[in-house]
Amino acid sequence: MQVNVEKLSPVLMEFQVEVPADRVRSEVDKAYTALQRTARVRGYRPGKAPRQVLAHLYGGRIHADVAQRLVDATLNQALADKQVQPLSQPAIAPTELRPDDTFSYKARFEVRPDIAEVKWEGFEVKRPSTTPSEEMIDAEITALRREHSTLQAPEPERPAAKGDMATISFTLEIGGALRDTKEQEIETELGSGQIFKEIEDALLGMTPGQAKDVQVTFSEQHSNADLRGKEATFHITLKDLRERIFPEVDDEFAKDCGEESLPALRESVRKKLEKELTQRASDAVAEQLVIELCKANPIPVPPSLVDQQAQLAERELLATARRQGQRIDPTPEFRARVRLDAEMKVRAGLVMAEIAKAKQVKITEADLEKGYEELAEQTGKNVAKIKAEYREPQKRELFAGMILEDKILDIIEAAAKVTEADAAQQPSGA
């Protein structure tokens, strides 16, 4: 067997394999012998049909099967001999198989790029502040007040205002015809943006029992294709109105939240925010380091790995949006952004693998155990359940890869110039 190797690009390789005629002949003979034992040919007893008859009836199939077997056997051998690891399924271009001649084919596939040197030291990054401001603590207290609030009918009765919970019934008319004669009923918080702005604006100032007609034009991207771009009339009725009553911020409120006093509640909130900000700061530093690593090492990346990463990221983004009751339209612009991010992640992964090799960084069972415990703490699941989720070899390998990347990022961060951002530079809403 002869194998010629050609590097078509830094990430694309082609093998040209030639199989000797004697091996081809041997494989074809084996195939006909096996077929002769099982073939049922009219006019011949089982197992007695001549080869020339079998060749006439089944020659095309025999040659195709032998060609496939030869490719499977010789390509694996060639890859092992040349110590090459394909990243994509090889694309095979065979010549026509002739029983008494050599057989050749081309196999094209993607490979990891050769990286002569990796630059990873001295990156300059900023760590966001991990000190929560008083405004951030106040915002958390406000959120807690909302959690402990109650709803009741306004006394005395008054028109609807922002912040009220409104129960409305409606029918929808399009082109002069009702889509459904049965009224539908929903509940919404006015000002939250949960319903059409036109309907929300119309509800402000209404009193229970009052009805209105509201004109709305559906967007061209509406989830229901039948409604896209159409003008409609909503016949709405305000059925019920309740206002939110917030508790006073005092020691009694703190006790309802599980703390002994208001100062203790604020301190508890401060610690919670510090923990969240510390995690966000670590994530922000890691993101900056990955960006700097990719800038310093603009290596080519295998398209198949980028495709896989982009598909995985898109599925995760869409699933997360669905869980949160949102909808993401996978537009070409959205997919372009996802692919750009996927390309950076693949590039960073390849470069970090080289750093791991150079630094001889490996993942031990102790590292995996620690990772399971940390993930259990983050998700609120028990460790046994986390381990069960990563029992499959593929998922376990993926988990180990994530831990390895964290280790490499720690090495890069230790060699970076990290400056602390002032509290005043803390992003709003963090």
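Residues numbered from 1 in each chain as written. Predicted model: local features only at pLDDT ≥ 70, side-chain atom pairs only at ≥ 80, totals over all residues. Heavy atoms only, no water.

Describing the layout of surface pockets
Here the second largest pocket is characterised by a volume of approximately 380 Å³. In terms of lining residues, the second largest pocket is bounded by 18 residues, among which Phe-170, Leu-172, Phe-196, Phe-218 and Phe-234 are the most central. Of the residues in the lining of the second largest pocket, the class split is eleven nonpolar, four polar and three charged. (1 Å grid on protein atoms, 1.4 Å probe; cavity = no way out; pocket = protein on both sides within 12 Å on 5 of 7 lines; lining within 4 Å. Points joined across faces, edges and corners; volume = space filled by probe spheres on them. Nonpolar A, V, L, I, M, F, W, Y, C, P; charged D, E, K, R; others polar.)

Some words on the side chain of Glu-27
Along the chain, the position of Glu-27 falls in helix H1 (residues 21–38). Glu-27 has contacts with Val-66, Arg-69 and Leu-70, leaving out every residue within four places of it along the chain. (Helix = DSSP H or I, 4+ residues; strand = E, 2+ residues; numbered from the N terminus. Contact = heavy atoms within 4.5 Å.)

A few points about the confidence of the model for the protein chain
When the pLDDT values of the protein chain are averaged, the result is 91; 98% of them are 70 or greater. Segment residues 424–430: pLDDT under 50, and nine contacts once partners within four positions in sequence are set aside and those in other chains are kept. (pLDDT = per-residue confidence, 0-100.)

Things to note about the packing of helix H3 (residues 134–147) against helix H6 (residues 262–296)
At a minimum axis separation of 10 Å, H3 and H6 run at an interaxial angle of 110°. In this view, H3 runs roughly perpendicular relative to H6, as classed from their interaxial angle. In this structure, H3 meets H6 at a crossing whose hand is right-handed. Every residue of H6 that contacts H3 at Glu-134, Met-136, Ile-137, Asp-138, Glu-140, Ile-141 and Leu-144 is listed here: Leu-265, Arg-266, Val-269, Arg-270, Lys-272, Leu-273 and Leu-277. In the contact of H3 with H6, the residues fall into eight nonpolar, no polar and six charged. (Axes fitted to C-alpha atoms, helices over the stretch in contact; angles between N-to-C directions. Parallel < 35°, antiparallel > 145°, perpendicular 65-115°, else oblique. Left-handed = near helix turned anticlockwise from the far one by under 90°.)

Things to note about helix H9 (residues 365–379)
Between the first and last C-alpha of H9 there are 21 Å, a value that for 15 residues agrees with the 21 Å anticipated at 1.5 Å per step. Of all the positions in H9, only Asp-367, Leu-368, Gly-371, Tyr-372, Leu-375 and Ala-376 are classed as buried. On its buried face, H9 is in contact with helix H10 (383–389) and helix H11 (393–414). Gly-380 sits one or two positions beyond H9 and adopts a positive phi of about 80°. (Expected span 1.5 Å × (residues − 1). Buried < 20%, exposed > 50% of the residue type's maximum accessible area, 1.4 Å probe, protein only.)

Focus on the pattern of salt bridges
In this structure the tally under the stated criterion is 32 salt bridges. Measuring nitrogen to oxygen at the nearest pair gives 3.4 Å for the salt bridge that ties Asp-114 to Lys-7. On the criterion of sequence distance, the pair formed by Asp-114 in the loop between strand E4 (103–110) and strand E5 (124–127) and Lys-7 in strand E1 (residues 2–9) is long-range, its members being 107 residues apart. The class for Lys-7 is partly exposed, based on a relative accessible area of 38%. For Lys-30, the salt bridge goes to Glu-27, with nearest N and O atoms at 3.7 Å. With a gap of three residues between them, Lys-30 and Glu-27 both fall in helix H1, about one helical turn apart. (Salt bridge = Lys/Arg side-chain N within 4 Å of Asp/Glu carboxyl O.)

Notes on the sheet that holds strand E3 (residues 91–94)
The sheet built from four strands is open, its strands ordered E1-E2-E4-E3 with antiparallel pairing. In this open sheet, the two strands that pair with only one neighbour each are E1 and E3. Averaged over neighbouring strand pairs, the angle between their axes works out to 20° when direction is ignored. Relative to E4, strand E2 (residues 12–19) runs antiparallel, the two sharing eight bridges. Opposite Glu-14, over in E4, you have Arg-108 as the bridge partner. (Pairing = 2+ DSSP bridges.)

A few points about the packing of aromatic side chains
What the rule picks out here adds up to eight aromatic pairs. Ring centres of Phe-218 and Phe-234 lie 6.2 Å apart, and the angle between their planes is 50°; on these two criteria the pair is classed as tilted. Of this pair, Phe-218 sits in the loop between strand E10 (211–217) and strand E11 (231–245) while Phe-234 sits in strand E11, placing them 16 residues apart in sequence. Take Phe-218 and Phe-234: they sit in the same class, and that class is buried. Relative to Phe-399, the ring of Tyr-372 lies with its centre 5.0 Å away and its plane at 5°, an arrangement referred to as stacked. Of this pair, Tyr-372 sits in helix H9 while Phe-399 sits in helix H11, and the two are 27 residues apart along the sequence. Here the aromatic residues Phe-170, Phe-196, Phe-218 and Phe-234 are joined through ring pairs into a cluster of three or more. (Phe/Tyr/Trp six-rings, centres within 6.5 Å; stacked < 30°, edge-to-face > 60°.)

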